[in-house]
Amino acid sequence: MRLLERVRKEWFMVGIVLVIAGAKLEPSVGVNGGPLMPEITVSYIAVATIFFNSGLSLRTEELTSALVHIKLHLFIQIFTLAFFPAAIWLFLQLLSITPINEWLLKGLQTVGCMPPPVSSAVILTKAVGGNEAAAIFNSAFGSFLGIVVTPLLLLLFLGSSSSVPFTSIFSQLFMTVVVPLIIGQIVRRYIKDWLERKKPPFGAVSSCVLLMIIYTTFCDTFSNPNIDLDTFSLILILFIIFSIQLSFMLLTFIFSTRNNSGFTPADTVAIIFCSTHKSLTLGIPMLKIVFAGHKHLSLISVPLLIYHPVQILLGSVLVPTIKSWMVSRQKGVKLTRPTV
């Protein structure tokens, strides 16, 4: 009974193990063009579902209040699109003297230039119970901003340039992020009382969608014939990426929890995930456009293909720890408030 209870509580972690195992056994099911058709079900339907779900579950006043939290938004966007790529560039100056493949190192730089994702940071912030409204705003705004900024960063750090179809990417983001969010908010106005009374499992729905994203991501990774690297190089890149993510998560945590930061524990949760996650959905198309015809495109893409599943796995594993910290901090704040 204890084992069953444990599995019930940790169903999401069990789900992660199962979907990765499934992707390894039969990756063809979840690749582009496969039976699951992730190019439609994930890129459009899954992302739209996440933001419709968020629009339905979020109180309008919370979303409105998040829009005016300028300091938080500036922190996340500057960290993501300025500090992150600059720090990676400095780090790569040290790695350049090592025997690591130079195109893999360039791939690490492209990771630093990428915008935040429009799904994983929101789902993980929601799973912890952090400032979901701030996560939604920064994921969506950062993605739109990244459409313009990312190609400029790639040009600055790597010297590659190309015409980017801004209009089509903007329209896709608008239809899969903004429109579902607005529809969710409109529907909420009419069924608000029912939602408050029944309390549907919005978190479980988002977690299931995340499992689908994890599955298709690993299907892509396991089935990619262009990833022709020796085991040592893959392990080394994996270790570097894991170290970068963990270091940046710790760095954002330290900065956002200083006494004079002005951020709440819930804000810190949104900052940790939104500042350190990078978009595969926008990233791969951008790399294919900016490095079109480049003979080393597959090697350049490897770090981003690894970074994406690692950020989801690492974030998911840390959810209980971060949630425990946030709850304890919130209780501490309440206990220290003077009573009238």
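The structure under discussion appears in the preceding block.
So, here is what we can say about the structure in this document. This one's a predicted model, so the numbers in the text were calculated from it and none came from an experiment. (Residues numbered from 1 in each chain as written. Predicted model: local features only at pLDDT ≥ 70, side-chain atom pairs only at ≥ 80, totals over all residues. Heavy atoms only, no water.)

1. Here we look at the overall build of the chain
For the chain, the count of helices and strands is 14 helices and 0 strands. What you see in the chain, going N to C, is helices and strands ordered as α-α-α-α-α-α-α-α-α-α-α-α-α-α. Buried positions account for 50% of the 340 residues belonging to the chain. Partitioning the contacts of the chain with sequence separation of at least 6, the portion at a separation of at least 24 is 83%. In the structure as shown, the chain presents an accessible area of about 16,800 Å², 68% of it carried by carbon and sulfur atoms. (Helix = DSSP H or I, 4+ residues; strand = E, 2+ residues; numbered from the N terminus. Buried < 20%, exposed > 50% of the residue type's maximum accessible area, 1.4 Å probe, protein only. Contact = heavy atoms within 4.5 Å. Areas by Shrake-Rupley, 256 points an atom, 1.4 Å probe, with all protein chains shown as cover.)

2. So, the side chain of Thr125
With respect to the element layout, Thr125 can be found in helix H7 (residues 120-128). Judged by its relative accessible area of 0%, Thr125 is buried. Every residue in contact with Thr125, bar those within four places of it in the chain, is listed here: Gly130, Asn131, Glu132, Ala135, Val269, Ala270 and Phe273.

3. Considerations on the packing of aromatic side chains
With the rule as written, the count across this model stands at 8 aromatic pairs. A ring pair is formed by Phe79 and Phe248, whose centres lie 5.7 Å apart and whose planes are at 85 degrees; its orientation type is edge-to-face. Separated by 169 residues along the polypeptide, Phe79 in helix H5 (residues 70-95) and Phe248 in helix H11 (residues 231-256) bring together distant segments of the chain. Neither residue differs from the other here; Phe79 and Phe248 are each classed as buried. These aromatic residues form a ring-pair network of at least three members: Phe75, Phe79, Phe83, Phe84, Phe248 and Phe263. Sitting over the face of the ring of Trp103, Lys106 holds its NZ or CZ atom 5.4 Å from the ring centroid. (Phe/Tyr/Trp six-rings, centres within 6.5 Å; stacked < 30°, edge-to-face > 60°. Lys NZ or Arg CZ within 6 Å of the ring centre and 35° of its normal.)

4. Digging into the nonpolar core
Residues Phe51, Val128, Ile214 and Phe273 are the most contacted members of the largest nonpolar core, which totals 49 residues. The element contributing the most residues to this core is helix H10 (residues 202-223), with 8 residues. For Phe273, the residues in contact, after removing those within four places along its chain, are Ala121, Leu124, Thr125, Val128, Met249, Gly315 and Ile322. Ranked by size, the runner-up nonpolar core spans 34 residues in total, among them Phe79, Ile237, Ile244 and Ile300. (Core = buried A, V, L, I, M, F, W, Y, C linked by side-chain atoms within 4.5 Å.)

5. With respect to the side chain of Gln77
Among the structural elements, Gln77 can be located in helix H5. Ignoring anything within four residues of it in the chain, the contact list for Gln77 reads Ala82, Asn138, Phe141, Gly142 and Leu145.

6. Thoughts on the pattern of salt bridges
Taken as a whole, this structure holds 2 salt bridges when the rule is applied. Here Lys126 ties to Glu132 by a salt bridge, and the two come within 3.4 Å at their closest N and O atoms. Since its relative accessible area comes to 19%, Lys126 is described here as buried. Classification of Glu132 as buried rests on a relative accessible area of 9%. For the salt bridge of Glu196 with Arg188, the shortest nitrogen-to-oxygen distance reads 3.1 Å. Here Glu196 falls in the partly exposed class, since its relative accessible area comes to 29%. (Salt bridge = Lys/Arg side-chain N within 4 Å of Asp/Glu carboxyl O.)

7. Overview of H5
Taking 1.5 Å per residue, 26 residues should reach 38 Å; H5 reaches 36 Å between its end C-alpha atoms and fits that length. Phe79 marks where H5 bends most, by close to 45 degrees. (Expected span 1.5 Å × (residues − 1). Bend = angle between axes of the 7 residues up to and from the residue.)

8. Considering the packing of H5 against helix H12 (residues 265-276)
Here H5 crosses H12 at 25 degrees, and the two axes come no closer than 9 Å. Judged on the interaxial angle alone, H12 and H5 are roughly parallel. As H5 runs across H12, the sense of the crossing is right-handed. Of the residues in H12, those in contact with Leu72, Phe75, Ile76, Phe79, Thr80 and Phe84 of H5 are Asp267, Ala270, Ile271, Cys274, Ser275 and Thr276. The class makeup of the residues in the contact of H5 with H12 is 8 nonpolar, 3 polar and 1 charged. (Axes fitted to C-alpha atoms, helices over the stretch in contact; angles between N-to-C directions. Parallel < 35°, antiparallel > 145°, perpendicular 65-115°, else oblique. Left-handed = near helix turned anticlockwise from the far one by under 90°. Nonpolar A, V, L, I, M, F, W, Y, C, P; charged D, E, K, R; others polar.)

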